[in-house]
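# Observations on the three-dimensional arrangement
Okay, here's what each chain looks like letter by letter:
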Amino acid sequence: MDGMVKQAPADRSPRMALALAAALSVSGCDLSNAPVLDPKGPIALAERDLLFTAVVLMLIVVIPVFVMTFLFAWRYRASNTKACYTPDWTYSVPVDAVVWLVPAAIVIALGTLLWRNTHKLDPYRPIDPSVQPLQVEVIAQDWKWLFIYPAQGIAVVNQLVFPSGTPLSLRITSDTVMNSFYIPALGGQIYAMAGMQTRLHLLADAPGRFAGRNLQYSGSGFSDQHFEAMATSPDEFNAWVAKVKQSPDKLDAAGYQALAARSRGHPVTYYSSVAPNLFDTIIAKYRGDGAHAHQQAAQ
C-alpha cells in the first residue's frame, strides 16, 4: 500500500479525464454528489483509478461490439446488393481466435491487476508505518455510530474528527446486527460485525467535511444512520478534543446502556470520558454468549 499511496497523487494519467467526464455526466457538474469519483485521500484515489482502469480494459471488448453491430447492420441491409453473400460459410479460425483470445487476455489482465492492487490496498495494512496514526474505535449501534478515542479518553456519536495528513487507524465492530462502515471520499467500505473486529486505514489529503454512513441494511432506521467525517488542521483537532473534554456527559456503563437503545436521527453527542476497554468489552460480550450457546448445544 505504501508505494501505491505515495504514487497515486502524482499519477495524472488520461484516466483523470475519464473520471471527470463520468462525474460531470452523472452528477450534474457537481462532484460533491459523486465522492467516489472525486477522492479526497490517497486510498480513495487509488481505488478510483483502479475502477477506471478496469472500465477502460473492458471497453476494449464493448466498444468494438457496438461499432461492428452498426457496421454489419449497415453493410448487410436489404438494399445493399454489393454485400458479399456466402450462405455456406460456417467457420473461420481468425474470427474464432479473436472471439476467444481477446476476452481471455482481458480477463487475465484484469485478474492480475485486481489481485495485485487488492493486496496493496489491504484495509488492514498501515498507510505509512513510519508515521504514528490516530487510533479510533468505531462501534455500530441502532442506528448511529459511536467513535471512541482511546489516547484522548473521549467519545463522540455521529461525528468523526481527525487531523488531515495524519493516517487514521480504525478498529470497527458492531453492538447490533451487521453494518458496513463507509466514507466514499476517503476509501472503500468494510463490515462491522458483532463479536468481531475489522480494521480500516484512511488518510485525508487536506481539511474538509465528508459524508459517512452505513451501507448494510440494518432495520427501519437504516436511512438515518449517517455521520460527518471532518478532517481538520492539527491545531483545530486539539481544540476540538479540548471542547469534547468539557462535556458533562460521561460514557460509563450506565451511559453506554442508555446510548445503545435504538434511536433515529441521533444528534452529535460528546462524552468527556469513557469506561476503560469499552470496545474490547463489547466484543467479548458476544464471544462469551457464543461460547455459552455452543456449550449448551454440546450438552
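Above this text sits the structure in question.
Residues numbered from 1 in each chain as written. Predicted model: local features only at pLDDT ≥ 70, side-chain atom pairs only at ≥ 80, totals over all residues. Heavy atoms only, no water.

## Concerning the overall build of the chain
- Counting its secondary structure elements, the chain contains seven helices and 11 strands.
- Long-range pairs, those at least 24 residues apart, make up 69% of the contacts in the chain between residues at least 6 apart in sequence.
- Taken as a whole, the chain presents about 16,700 Å² of accessible surface, with 63% of it coming from carbon and sulfur. (Helix = DSSP H or I, 4+ residues; strand = E, 2+ residues; numbered from the N terminus. Contact = heavy atoms within 4.5 Å. Areas by Shrake-Rupley, 256 points an atom, 1.4 Å probe, with all protein chains shown as cover.)

## Focus on the sheet that holds strand β6 (residues 179-182)
- Taken together, the five strands give an open sheet; going across it, the order is β4-β10-β9-β6-β7, and neighbouring strands pair in mixed fashion. Both edges of this open sheet fall to β4 (159-163) and β7 (190-192), since each of them pairs with a single strand only. Sheet twist, expressed as the average angle between the axes of neighbouring strands with direction ignored, equals 25 degrees.
- Across three bridges, the pairing between β6 and β7 is antiparallel. Within the sheet, the bridge partner assigned to N179 lies in β7 and is A192.
- Where helix α5 (residues 234-245) meets the sheet, its contacts fall on β4 and β10 (226-232), and the angle it forms with β4 comes to roughly 135 degrees. (Pairing = 2+ DSSP bridges. Axes fitted to C-alpha atoms, helices over the stretch in contact; angles between N-to-C directions.)

## Considering the layout of surface pockets
- Here the largest pocket defines a volume of roughly 310 Å³.
- For the largest pocket, the lining is made up of 19 residues, of which I43, E47, G187, G188 and Q189 are closest to its centre.
- Residue assignment for the lining of the largest pocket shows that the elements contributing at least two residues are α3 (42-75) and β8 (198-202).
- The element contributing the most residues to the lining of the largest pocket is α3, with five residues.
- A breakdown of the residues in the lining of the largest pocket according to their chemical character gives 12 nonpolar, five polar and two charged. (1 Å grid on protein atoms, 1.4 Å probe; cavity = no way out; pocket = protein on both sides within 12 Å on 5 of 7 lines; lining within 4 Å. Points joined across faces, edges and corners; volume = space filled by probe spheres on them. Nonpolar A, V, L, I, M, F, W, Y, C, P; charged D, E, K, R; others polar.)

## Notes on the packing of α3 against helix α4 (residues 93-120)
- Where α3 contacts α4, the two axes come as close as 9 Å, and the packing angle between them is 175 degrees. Here α3 lies roughly antiparallel to α4, going by the angle between them. When α3 is examined against α4, the residues L50, T53, A54, L57, M58, I60 and V61 are found in contact with a partner set consisting of V102, I106, A109, L110, L113, L114 and N117.
- The residue inventory of the contact of α3 with α4, partitioned by class, reads 12 nonpolar, two polar and no charged. (Parallel < 35°, antiparallel > 145°, perpendicular 65-115°, else oblique.)

## So, α3
- With 34 residues, α3 should reach 50 Å at 1.5 Å per residue; the first-to-last C-alpha distance of 49 Å fits that figure.
- A maximum bend of about 40 degrees is found in α3 at L59.
- Those residues of α3 that fall on the buried side of the exposure criterion are P42, I43, A44, L45, A46, R48, D49, L50, F52, T53 and A54. (Expected span 1.5 Å × (residues − 1). Bend = angle between axes of the 7 residues up to and from the residue. Buried < 20%, exposed > 50% of the residue type's maximum accessible area, 1.4 Å probe, protein only.)

## A few points about the sheet that holds strand β2 (residues 144-149)
- Pairing in this open sheet of six strands is mixed, and the strands run β8-β5-β1-β2-β3-β11 from one edge to the other. Each edge of the open sheet carries a strand with a single partner, namely β8 and β11 (269-271). Along the sheet, successive strands turn relative to each other by an average axial angle of 20 degrees, direction set aside.
- Here strand β1 (residues 134-141) pairs with strand β5 (residues 168-174) via seven bridges, running parallel. Of the residues in β5, the one forming a bridge with V138 is I172.
- In the packing of α5 onto the sheet, contacts are made with β1, β2, β3 (154-157) and β11, and the angle to β3 comes to roughly 90 degrees.

## Digging into the packing of aromatic side chains
- Enumeration according to the criterion identifies 11 aromatic pairs in this entry.
- Over the face of the ring belonging to Y76 we find R75, whose NZ or CZ atom lies 5.7 Å from the ring centre. (Phe/Tyr/Trp six-rings, centres within 6.5 Å; stacked < 30°, edge-to-face > 60°. Lys NZ or Arg CZ within 6 Å of the ring centre and 35° of its normal.)

## A look at the side chain of T198
- Mapping T198 onto the fold places it in strand β8.
- A distance of 2.7 Å separates the side chain of T198 from the backbone oxygen of Y191, its partner in a polar contact. (Polar contact = N/O pair within 3.5 Å; in protein donor to acceptor, adjacent residues only side chain to side chain.)

These results come straight from atomic positions and should not be treated as a statement about function.
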